[in-house]
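Structural description and commentary
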Amino acid sequence: MSDQDLVPQIEALGEKLNAAKASITRRFIGQDTVVDLVLSSMLCGGHALLLGLPGLGKTRLVDTLSTVMGLNGARVQFTPDLMPADILGSEVLETAADGTRSFRFIEGPIFCQLLLADEINRASPRTQSALLQAMQEKSVTIAGQPHDLEAPFHVLATQNPLEQEGTYPLPEAQLDRFLVQVDVGYPDRDTERDILIATTGAEEEEAHAVFTAAELIAAQKLLRKMPVGEQVVELILDLVRACRPDTADAPDVVNASVAWGPGPRAAQALMLTCRARALLDGRLAPSPEDVMAMAQPVLIHRMALTFAARARGENLASIIAQVAEITSKARSAA
């Protein structure tokens, strides 16, 4: 397919995405950046990790998304005693009318298209790994039998950063399976006023379906056909490689503060999310500004600070911003 053929399809998809965002913001007021990042992860076919305090609307956002995107949604509240079978499902022994017995598989809540994994860090590592394996392979195995998950399949997992007692932090290798990390912060005063008025009356705004599951899959395929300029590709490589300590490309701030950096999957995620951001903004191709904007949500959960850097009170967001500025200036001067 030529670039000329892609233009009307991308423009039509952009209009549809604008309608989807308008429907979402009827129930999830403000927080446009959060909505864009979650939609970007779904357009890329990936999963998102939402970090935020209780009561900021994370569950409401996911519920609204399932309606607007035309997906079958489910929610699992993670607790320390949650078992893998509570998510995946299990086989039960049934006795027929003639006395014969056979096993029947009962699907768990993971057999949906949009799963909200609420407070994922409260479950044991055994249960976390069951979910994260399904996220990667898009199938589960019960009693030796594989069961494919319905397409599209997306997981939006939440973590509460306030209460860490009795939690099991996700290992780095499992964090890498999330395409982006979305920080859900407090709304500003005007937004909070709008939330108060909209959600405490006799009636609330309702979201309506804009996409179907088939249309979302088609959008994911179209996104991968969007052209990416050589300048953007080189900037992505420069940025990801600069975040790896003790390498020839790493600046001093990375060598001094970063314990380990992102792998090639981070570059893949940046390439996809840059396209998604351009699409949501109504543009036909990503720009260097898209790379800079997506650097933090894509890289922050794929890096770690050294003990000394944590003791100095440094944070990854600031370091990523510094590295992005350094690489952007170097690429502009090249």
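Each chain carries its own residue numbering, running from 1 in the direction its sequence is written. Reporting of local features is limited, given that this is a predicted model, to residues whose pLDDT is at least 70; pairs of side-chain atoms are given and counted only at 80 or more, and all residues count toward the totals for whole chains, interfaces and linings. Side-chain measures here rest on the full set of heavy atoms in the structure, leaving out hydrogens and waters.

1. Quick notes on the overall build of the chain
Note the following rule: Helix and strand definitions here come from DSSP, where helices need a minimum of 4 consecutive H or I residues and strands a minimum of 2 consecutive E residues; each element is numbered from the N-terminal end. Values of the radius of gyration come from C-alpha atoms, whereas the globule rule sets the reference at 2.2 Å times the count of residues to the power 0.38. Accessibility here uses a 1.4 Å probe with only protein chains present; expressed as a share of the type maximum, an area under 20% marks a residue as buried, one over 50% as exposed, and anything in between as partly exposed. Contact criterion: two residues are considered in contact whenever any of their non-hydrogen atoms come within 4.5 Å of each other.
Assigned secondary structure in the chain consists of 14 helices and 11 strands. In summary, the chain has a C-alpha radius of gyration of 21 Å against a globular reference of 20 Å for 334 residues, a match within 12%. In terms of its C-alpha atoms, the chain occupies a principal-axis envelope of roughly 80 × 50 × 50 Å. Counting the 334 residues in the chain, one finds 47% classified as buried. Pairs at least 24 residues apart make up 76% of the contacts formed inside the chain by residues separated by at least 6 positions.

2. Details of the pattern of salt bridges
We apply this condition: Here, a salt bridge means any Lys or Arg side-chain nitrogen found within 4 Å of an Asp or Glu carboxyl oxygen.
Tallied over the entire structure, the rule returns 15 salt bridges. The salt bridge involving R277 is made with D290; its shortest N-O contact spans 2.6 Å. Of this pair, R277 sits in helix α11 (residues 264–280) while D290 sits in helix α12 (residues 288–299); the two residues are 13 residues apart in sequence, bridging distant segments of the chain. Each of R277, D281, R283 and D290 takes part in one network of salt bridges that share partners.

3. Re the packing of aromatic side chains
Selection rule: Aromatic contacts are taken between Phe, Tyr and Trp rings whose centres are within 6.5 Å, Trp giving its six-membered ring; a plane angle under 30 degrees counts as stacked, one over 60 as edge-to-face, and the others as tilted. Lysine and arginine charges are scored as sitting over a ring when NZ or CZ, respectively, is within 6 Å of the ring centre and within 35 degrees of the ring normal.
In total, this model carries one aromatic pair according to the counting rule given. Sitting above the plane of the F211 ring, K16 keeps its charged end 5.4 Å from the centroid.

4. Let's talk about the sheet that holds strand β5 (residues 114–118)
Put simply, the rule reads: Should DSSP find at least two bridges between two strands, the strands are regarded as paired. An axis is simply a line fitted to the C-alpha atoms; with a helix, the fit covers only the stretch in contact. Between two such axes, the angle follows the N-to-C directions and lies from 0 to 180 degrees.
In space, the five strands of this open sheet follow the order β2-β5-β8-β1-β9, with parallel pairing throughout. With one partner strand each, in any of the chains shown, β2 (73–77) and β9 (180–184) form the two edges of the open sheet. Across the sheet, the mean angle from the axis of one strand to that of its neighbour is 20°, orientation sign disregarded. Taken together, the five bridges between β2 and β5 define a ladder with parallel strand orientation.

5. A closer look at the pairing of strand β6 (residues 139–142)
By the bridge criterion, four bridges tie β6 to strand β7 (residues 145–148) in an arrangement that is antiparallel. Looking at the pairing, I142 lines up with Q145 of β7. Where β6 hands over to β7, the hairpin turn is made up of two residues, of which A143 adopts a positive phi near 55°.

6. Observations regarding unusual backbone geometry
Residues A151 and P152 are joined by a peptide bond in cis, for which omega reads -5°. Inspection of the secondary structure assignment puts P152 in the loop between β7 and β8 (154–159). Phi is positive for K138, close to 55°, though the residue is something other than glycine. Looking at the element boundaries, K138 is found in the loop between α5 (125–137) and β6.

7. A word on the packing of helix α9 (residues 230–242) against helix α14 (residues 316–333)
Keep this limit in mind: Roughly parallel means an angle under 35 degrees; roughly antiparallel means over 145; roughly perpendicular covers 65 to 115; every other angle is labelled oblique. In this scheme the handedness of a crossing depends on how the near helix is turned from the far one: anticlockwise by less than a right angle means left-handed, clockwise means right-handed. Note on residue classes: Ala, Val, Leu, Ile, Met, Phe, Trp, Tyr, Cys and Pro are nonpolar, Asp, Glu, Lys and Arg are charged, and everything else, Gly too, is polar.
At a minimum axis separation of 9 Å, α9 and α14 run at an interaxial angle of 140°. Comparing their axes, α14 and α9 come out oblique. Once α9 is placed against α14, the crossing between them reads as right-handed. For the pair α9 and α14, the contacting residues are E234, L235, D238, L239 and A242 in the first and V323, A324, T327, S328 and R331 in the second. Across the contact of α9 with α14, the residue classes tally to five nonpolar, two polar and three charged.

8. Here we look at the nonpolar core
Inclusion rule: Nonpolar core, defined: a set of buried Ala, Val, Leu, Ile, Met, Phe, Trp, Tyr and Cys residues in which side-chain atoms within 4.5 Å join the residues together.
In terms of nonpolar packing, the biggest core is built from 75 residues, with L43, L61, L65, M69, V182, L239 and L299 touching the most fellow members. Of all the elements, α11 adds the most residues to this core, at 10 residues. Excluding its chain neighbours within four sequence positions, the residues that come into contact with L61 are I24, F28, V34, V35, V38 and L50. Counting 29 residues, the second largest nonpolar core, distinct from the first, contains A117, M135, V140 and V155.

9. With respect to the packing of α9 against α12
Two elements in contact, α9 and α12, have axes whose closest approach is 10 Å; the angle formed by their N-to-C orientations is 30°. For α9 against α12, the interelement crossing comes out right-handed. Contacts between α9 and α12 involve Q231, V232, L235, I236, L239 and V240 on the former and, on the latter, P288, V291, M292, A295 and L299. Of the residues assigned to the contact of α9 with α12, the class counts are 10 nonpolar, one polar and no charged.

The values are spatial; any link to function lies outside them.
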